[in-house]
Amino acid sequence: MDAMKFASRIIAWQRTHGRHQLPWQQTRDPYRVWLSEIMLQQTQVSAVIPYYEKFLARFPDVATLANAPAGDVMAHWAGLGYYARARNLHACAQSVMRDWHGQFPSRAEDLESLPGIGRSTAGAIAAFCAGIRAPILDGNVRRVLSRHFAIDGDPTSAGTIARLWELAQSLLPSQAACRRDPNAMASYTQGLMDLGACVCTRSAPNCIACPLAGSCIARADNRTHELPPPRARRAQPEREVGVLIAIHRGMFLLERRAPKGIWGGLWSLPEFEAELDAPTACDEIGLVAASIQPMASFSHTFTHFRLIIHPWLVHAQSLAAGGAQPVHREWIDANALDRAGMPAPVRKLLSEVIAAGLVEP
Ligand code: SF4
């Protein structure tokens, strides 16, 4: 299939069958488009929508976001995961205000120079907001191209990724098509996204509904189930930590994590090396315990490792807590936890402790 037909089928299909009611689709405002693109990385649309709306209500424009305290930004992101995105979001807003006179650049190359904006995100923002001919290649688009053109190299290898980028570039609507139809790039980009998310899905592609069915090699060769090939699996490393759920008079002892690293900038529980025992961990932060008991361990998977968490419930005798480390700790009322930006697993754990009636009155 030639590039012109590929693009025109995607555009026509998007306009009749694609998604049109997502909250970030009725705008060309780069701030809103950028925010949605960052939130949608590794995250489902249904999970993003409430966060997107809440975030916009608090930070309606790039200047408000740039001037907000980091803790406030993290609190509005808490629960969405991949927290480096929130830190980069804040840094990016500050860069737009400082280096671009408060206006997002329109060219993909300039967008890509901003914190947290990769090539695919830059392409999407440039296409949606300025109609610029720039390709995208997120996970969904990789799957569509890999199947349609039967690309069967390891999808994580540099060679395969370079080949897919070349294809993505070569399939864009032509310059003439974009001159004739100023919305061509927006419809094409959205069409690729919609196709990957709703039709050419990972486990059950709905080829009958696909505008590319007539030219798709994977479909013709009955190979949709084996393309793209699974990425080469590496054994995922594990880390173990203990955490203290310290309670005193209806309050939890929380500490703010360092700005960088996992859960950076969020409120979490005092953490200690798994080899250490909980009483020693209490001593180290000056916590005098009336009782200490273990709770069920659980794990949380990050991109590069699995964290096994061993929680200990500590009823403290007093509010004393500090220790020698330069860590910011606070006792926070169980009824005020909503206002603290917390990673989802920690929030869930504390909710379970509250629901089980383990918090003192
Ligand atoms: S025909 Fe099927 S496998 Fe091929 S791109 Fe369309 S949905 Fe995906």
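Residues numbered from 1 in each chain as written. Predicted model: local features only at pLDDT ≥ 70, side-chain atom pairs only at ≥ 80, totals over all residues. Heavy atoms only, no water.

1. A short note on the domain arrangement of the protein
Its domain assignment divides the protein into domain 1 (3-220) and domain 2 (238-355). For domain 1 and domain 2, the distance between their C-alpha centres works out to 37 Å. Domain 1 puts 8 residues into the contact, and the matching count from domain 2 is 14 residues. Around 680 Å² of area is buried between domain 1 and domain 2 when both sides are counted, 61% of it from carbon and sulfur atoms. Three residues, Met-74, Tyr-83 and Arg-87, lead the burial of domain 1 against domain 2; their summed loss comes to 55% of the area buried on that side. At the boundary of domain 1 with domain 2, the tally comes to 0 salt bridges. Linking domain 1 with domain 2 are 3 residue pairs in polar contact (both at pLDDT 80 or more). Here the side of domain 1 that touches domain 2 takes 3 residues from helix α5 (residues 70-77), the largest share from any one element. Tallied by class, the residues present in the side of domain 1 that touches domain 2 amount to 5 nonpolar, 2 polar and 1 charged. (Domains from an automatic or database assignment. Contact = heavy atoms within 4.5 Å. Buried area = accessible area lost by both parts, 1.4 Å probe. Salt bridge = Lys/Arg side-chain N within 4 Å of Asp/Glu carboxyl O. Polar contact = N/O pair within 3.5 Å; in protein donor to acceptor, adjacent residues only side chain to side chain. Helix = DSSP H or I, 4+ residues; strand = E, 2+ residues; numbered from the N terminus. Nonpolar A, V, L, I, M, F, W, Y, C, P; charged D, E, K, R; others polar.)

2. Some thoughts on a positive patch on the surface
A contiguous patch of positive charge on the surface is contributed by Arg-202, Arg-231, Arg-233 and Arg-234. Structurally, Arg-231 can be placed in the loop between α13 (217-220) and β1 (238-248). (Patch = residues over 30% accessible without salt bridge, like charges linked within 9 Å, V, L, I, M, F, W, Y side chains within 5 Å. Areas by Shrake-Rupley, 256 points an atom, 1.4 Å probe, with all protein chains shown as cover. Lys, Arg positive; Asp, Glu negative; His and termini not counted. Charge placed at Lys NZ, Arg CZ, Asp CG, Glu CD.)

3. A short note on the side chain of Glu-255
With respect to the helices and strands, Glu-255 occurs in strand β2 (residues 251-256). Among the polar contacts made by the side chain of Glu-255, one reaches the side chain of Arg-329 at a distance of 2.7 Å.

4. Things to note about the packing of α5 against helix α6 (residues 84-99)
It is at 10 Å that the axes of α5 and α6 come closest, and there the two elements cross at 135°. Judged on the interaxial angle alone, α6 and α5 are oblique. Pair α5 / α6 crosses with right-handed handedness. Note on element contacts: α6 touches α5 through Arg-85, Ala-86, Arg-87, Leu-89 and His-90, opposite Ala-70, Val-73, Met-74 and Trp-77. Residues of the contact of α5 with α6, tallied by class, amount to 6 nonpolar, 1 polar and 2 charged. (Axes fitted to C-alpha atoms, helices over the stretch in contact; angles between N-to-C directions. Parallel < 35°, antiparallel > 145°, perpendicular 65-115°, else oblique. Left-handed = near helix turned anticlockwise from the far one by under 90°.)

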